[in-house]
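Here are the chains, one letter per residue:
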Amino acid sequence: MYILVDTRQSVNAGYKASFDREGISSLGLAPDEFANWFQASSRLDREAIQGFLLGDFEDRARCAGTIRRLSRAPIIALSDVRSLDQTLLLFEAGIDDVLPKPVHVREILARSEAIWRRVNGGAPLPPRDVPAPTERLKVFFDGRDPEVDGEVLALPRRERHILECLVRNRGKRMTKTQIYNVVYGVYSNGVEESVIEGHVSKLRKKLSARLGFDPIEAKRFMGYTFVG
């Protein structure tokens, strides 16, 4: 899930529509609404956030500082006007990247994933009992379908997003609720959490058919782990 913060409702709505087209859940908030929500949010809610997108508004640097105290998720600022002084100020405040508008959502996703890799790239991976499919399975995190052995593995958007979530958290147990919050959003209505079980089951069958083994470990009542 991505959080969009801007005083202009049209900006939040526009980017939310773009994220929706990519099958990515998002939530658009005005700065004051965001401050109240974020301070009151639970750890589980914050862990579902894959990135923050900040538009041009007053106290944006302070907002970034508040985010950084409670979350390690990438913070990307959108700039309506190029300004070196403003860019330097934003970096000093803890913002990870500054992008001039207009910018495509897929570029935002790619840059966000690059930031995640820099932050978490040094974390050790757990031992594996099966051959690592890293060289065979390629996940892009930018809206493209994954590839196995150089060939595209076409997936529905939800299954692709679940795979990206599990790969990003390789070795970490992800509960059904955590995956649901990432894929559908913290405040999604009308969709039961049980739908995640169906998505993961279909995803595992497709991966097993192409890889020759199942890279996702499932434990009842505990969740799922990407062990490949």
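Residues numbered from 1 in each chain as written. Predicted model: local features only at pLDDT ≥ 70, side-chain atom pairs only at ≥ 80, totals over all residues. Heavy atoms only, no water.

K.L.:
Quick question: what am I supposed to make of the layout of surface pockets here?
P.N.:
One water molecule sets the probe size; rolling that probe over the atoms shows where empty space is left. Taken as a whole, the second largest pocket holds about 300 Å³ of empty space. Residue lining of the second largest pocket: 13 residues in total, with Glu 197, Lys 219, Arg 220, Phe 221 and Tyr 224 positioned closest to the centre. The set of elements that each furnish at least two residues to the lining of the second largest pocket consists of helix H9 (195–211), strand S9 (216–219) and strand S10 (223–226). No other element matches H9, which puts 4 residues into the lining of the second largest pocket. Of the residues assigned to the lining of the second largest pocket, the class counts are 5 nonpolar, 3 polar and 5 charged. (1 Å grid on protein atoms, 1.4 Å probe; cavity = no way out; pocket = protein on both sides within 12 Å on 5 of 7 lines; lining within 4 Å. Points joined across faces, edges and corners; volume = space filled by probe spheres on them. Helix = DSSP H or I, 4+ residues; strand = E, 2+ residues; numbered from the N terminus. Nonpolar A, V, L, I, M, F, W, Y, C, P; charged D, E, K, R; others polar.)

K.L.:
For this particular structure, what's the right way to read the confidence of the model for the chain?
P.N.:
Interpretation of this model should avoid reading the predicted coordinates in detail wherever pLDDT is low. Looking at the chain as a whole, the pLDDT averages 86, with 91% of positions reaching at least 70. Mean pLDDT per element in the chain: helix H3 (residues 43–47) is the minimum at 82, and strand S3 (residues 51–54) is the maximum at 95. The low-confidence segment residues 122–133, where pLDDT is below 50, has 12 contacts with residues more than four positions distant or belonging to other chains. (pLDDT = per-residue confidence, 0-100. Contact = heavy atoms within 4.5 Å.)

K.L.:
Can you walk me through the packing of helix H2 (residues 31–40) against helix H4 (residues 60–70) in this structure?
P.N.:
Helix packing for two helices is described by the angle between their axes and how far apart those axes are. H4 packs onto H2 with a crossing angle of 15° between their chain directions and a minimal axis gap of 11 Å. By the angle between their axes, H2 is roughly parallel relative to H4. Note that H2 runs across H4; the crossing there is left-handed. Packed against H2, whose contacting residues are Phe 34, Phe 38 and Gln 39, the element H4 presents Cys 63, Thr 66, Ile 67 and Leu 70 at the interface. The residue makeup of the contact of H2 with H4, split by class, is 5 nonpolar, 2 polar and no charged. (Axes fitted to C-alpha atoms, helices over the stretch in contact; angles between N-to-C directions. Parallel < 35°, antiparallel > 145°, perpendicular 65-115°, else oblique. Left-handed = near helix turned anticlockwise from the far one by under 90°.)

K.L.:
Just checking my understanding: could you explain unusual backbone geometry for this structure?
P.N.:
The general pattern is negative phi for most residues beyond glycine and trans for most peptide bonds. Residue Pro 102 is reached from Lys 101 by a cis peptide bond, and omega for that bond is 0°. For Pro 102, the location among the structural elements is in the loop between strand S5 (97–100) and helix H6 (105–120). The backbone of Asp 59 sits at a positive phi, close to 65°, despite the residue not being glycine. Note on placement: Asp 59 falls in the loop between S3 and H4. For Asp 59, a relative accessible area of 43% gives the class partly exposed. Phi angles above zero are rare outside glycine, and Phe 141 is one such case at about 65°. Mapped onto the fold, Phe 141 is located in the loop between strand S6 (137–138) and strand S7 (147–148). Judged by relative accessible area, Phe 141 falls into the buried class, the value being 9%. (Buried < 20%, exposed > 50% of the residue type's maximum accessible area, 1.4 Å probe, protein only.)

K.L.:
It is not clear to me how empty space enclosed by the protein should be interpreted in this structure. Could you clarify?
P.N.:
Under the defined criterion, the tally for this structure stands at 2 cavities of 30 Å³ or more. Those elements that provide at least two residues to the lining of the largest cavity are H6 and helix H7 (157–168). Looking at which element gives the most residues to the lining of the largest cavity, the answer is H7, with 4 residues. Of the residues assigned to the lining of the largest cavity, the class counts are 4 nonpolar, 4 polar and 5 charged. For the second largest cavity, the calculated volume is near 50 Å³. Surrounding the second largest cavity, Leu 4, Val 5, Asp 6, Val 11, Asn 12, Tyr 15, Leu 53, Leu 54, Gly 55 and Leu 78 form its lining. Breaking the lining of the second largest cavity down by element, the ones donating at least two residues are strand S1 (2–5), helix H1 (9–21) and S3. The greatest single-element share of the lining of the second largest cavity, amounting to 3 residues, is contributed by H1.

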